[in-house]
Amino acid sequence: MQHGKYRFIVGFLAVPLVIYAVFVISPFLQAIYYSFTDWTGLSPDFKMVGVDNYRKMFADDVFWKAVGHNVLLLLVLPLVTLGLGLFFAFMLNVGGRRRKNAAVAGVRGSAFYKVVYFFPQVLSIAIVALLFQFAYNPNSGALNSFLSAVGLDSVQPNWLGDPDLALWCVMAVMVWSNVGFYVVLFSAGMSSIPKDFYEAALLDGANRIQTFFRITLPLLWDTVQTGWVYMGIMALDGFAVVQIMTVGPGGPDYSTEVLAYFLYTKAFRDGQAGYATTLGVALLIVTMIFAGIVMKLGRRERLEF
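Keep in mind the model is a prediction, meaning the values are calculated, not measured. (Residues numbered from 1 in each chain as written. Predicted model: local features only at pLDDT ≥ 70, side-chain atom pairs only at ≥ 80, totals over all residues. Heavy atoms only, no water.)

Each helix and strand counted, the protein has 13 helices and zero strands in total. Listed by position from the N terminus, the elements making up the protein come as α-α-α-α-α-α-α-α-α-α-α-α-α. Taken over the C-alpha atoms alone, the protein extends approximately 80 × 75 × 30 Å along its principal axes. Classification of the 305 residues of the protein by burial places 37% in the buried group. Once local pairs closer than 6 in sequence are excluded, the contacts in the protein between residues at least 24 apart make up 66%. Split by element, the accessible area of the protein, about 17800 Å² in all, is 67% carbon and sulfur. With 21 positive and 18 negative side-chain charges, the protein shows a spacing of 13 Å between the two charge centroids. (Helix = DSSP H or I, 4+ residues; strand = E, 2+ residues; numbered from the N terminus. Buried < 20%, exposed > 50% of the residue type's maximum accessible area, 1.4 Å probe, protein only. Contact = heavy atoms within 4.5 Å. Areas by Shrake-Rupley, 256 points an atom, 1.4 Å probe, with all protein chains shown as cover. Lys, Arg positive; Asp, Glu negative; His and termini not counted. Charge placed at Lys NZ, Arg CZ, Asp CG, Glu CD.)

In contact at an axis separation of 7 Å, helix 4 (residues 110–122) and helix 7 (residues 166–191) are set at 130° when each is read in the N-to-C sense. Taken together, the axes of helix 4 and helix 7 lie oblique to each other. For helix 4 against helix 7, the interelement crossing comes out left-handed. Taken together, the residues of helix 7 that come into contact with helix 4 (itself represented by Lys-114, Tyr-117, Phe-118, Pro-120 and Gln-121) are Trp-176, Ser-177, Asn-178, Gly-180, Phe-181, Val-183, Val-184 and Ser-187. Looking at side-chain class alone, the contact of helix 4 with helix 7 contains seven nonpolar, five polar and one charged residues. (Axes fitted to C-alpha atoms, helices over the stretch in contact; angles between N-to-C directions. Parallel < 35°, antiparallel > 145°, perpendicular 65-115°, else oblique. Left-handed = near helix turned anticlockwise from the far one by under 90°. Nonpolar A, V, L, I, M, F, W, Y, C, P; charged D, E, K, R; others polar.)

What follows is about the packing of helix 10 (residues 221–237) against helix 13 (residues 273–297). Across the interface, helix 10 lies against helix 13 with an axial gap of 10 Å and an inter-helix angle of 160°. As summarised for this structure, helix 10 and helix 13 are arranged roughly antiparallel, according to the angle between their axes. The crossing of helix 10 and helix 13 is right-handed. Across from Gln-225, Trp-228, Val-229, Gly-232, Ile-233 and Leu-236 in helix 10, the residues of helix 13 making contact are Leu-283, Val-286, Thr-287, Phe-290, Ala-291, Val-294 and Met-295.

Counting 58 residues, the largest nonpolar core has Met-57, Phe-63, Leu-86, Tyr-136, Phe-186, Met-190 and Met-245 as its most contacted members. Looking at which element gives the most residues to this core, the answer is helix 3 (residues 61–93), with eleven residues. With residues near it in sequence (within four places) discarded, Leu-86 still touches Phe-186, Met-190, Phe-212, Leu-217, Leu-220 and Val-224. (Core = buried A, V, L, I, M, F, W, Y, C linked by side-chain atoms within 4.5 Å.)

Attention now goes to the packing of aromatic side chains. Counted by the stated rule, this structure contains 22 aromatic pairs. Aromatic pair Tyr-33 and Phe-46: ring centres 6.3 Å apart, planes at 75°, arrangement edge-to-face. Here Tyr-33, found in helix 1 (residues 5–34), pairs with Phe-46, found in the loop between helix 1 and helix 2 (52–58); they are 13 residues apart in sequence, far enough to count as distant. (Phe/Tyr/Trp six-rings, centres within 6.5 Å; stacked < 30°, edge-to-face > 60°.)

Turning our attention to the pattern of salt bridges. Opposite charge on two side chains makes pairing possible when the charged atoms of those side chains draw close. Within the structure shown, the criterion is met by three salt bridges. Ionic pairing is found between Arg-55 and Asp-52, a salt bridge with its closest N-O pair at 2.9 Å. Highlighted residues: Arg-55 and Asp-52, both in helix 2, separated by three residues, approximately one helical turn. Using a relative accessible area of 53% as the deciding quantity, one classes Arg-55 as exposed. Residue Asp-52 is classed as partly exposed on the basis of its relative accessible area of 39%. Close ionic contact of Arg-269 with Asp-270 constitutes a salt bridge, the shortest N to O distance being 2.9 Å. A relative accessible area of 61% places Arg-269 in the exposed class. Via salt bridges that share partners, Lys-266, Arg-269 and Asp-270 belong to a single interconnected network. (Salt bridge = Lys/Arg side-chain N within 4 Å of Asp/Glu carboxyl O.)

A few words now on the layout of surface pockets. A volume near 380 Å³ is recorded for the largest pocket. Secondary-structure elements contributing two or more residues to the lining of the largest pocket are helix 3, helix 10 and helix 13. Top element by residues in the lining of the largest pocket is helix 13. It accounts for six residues. Here the second largest pocket is characterised by a volume of approximately 230 Å³. Considered class by class, the residues forming the lining of the second largest pocket number nine nonpolar, five polar and one charged. (1 Å grid on protein atoms, 1.4 Å probe; cavity = no way out; pocket = protein on both sides within 12 Å on 5 of 7 lines; lining within 4 Å. Points joined across faces, edges and corners; volume = space filled by probe spheres on them.)

Next comes the structure, spelled out in structure tokens:
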């Protein structure tokens, strides 16, 4: 069995590794190289400018605004999305009333609710952003129309046009569009946890909250940690929602500017591809730091059942 083992392994790995190096690693290296140039993205001619792009980036007020918004998204978006996903999944799988043949059960119709929660995943993020852009319209949108219908005519926020509200409106859309996926993901993980654990805990006098923190969450920790990384990467992106929904886009007054959209405008609107690749390198570094922090802080002993 050992004869030719390494030739067999190399034979299977060589082609995927070459493809990965050409289409993933190579663009990263090229981006780092172009970040030291004044390339416009339209001309084959460019020259090396050293670290001028990095100096410009650190002195750019819009860059720091974008970084601040991304940090806020990193703090709020994963916490709210995964928290809601865990709560709804727990209710659907364990939070129902006790039934005749089972001490632990989900709410009735849980399969239907999972389909409803997952429905936003079927829609393109562009469609979701457009739908909410119409809903946020201050004159004819669903939200202000509802406020008017219940007698709150004096409360008519200019949702996406208010610098204090715009980013929160964007975050609400991102939470709504992603929470259903994690409801289904966590439900799949919870369904694999033996019901005996819950029944034994309930017999010992534990309530639903205690079973969640002592049984469900520890046994789902690896899934939660992975979801946190994915949501963090999504929070560091946010390009599509900002580009479609917001005034400007990125406004008003850069109140919804994020690194991904700032990079896009510099590359394709302003013709500063060299500076845009510098922003891309910064975004890569922030993403890697975030992933490393989450994996480090979230590391704990693996629980098996």
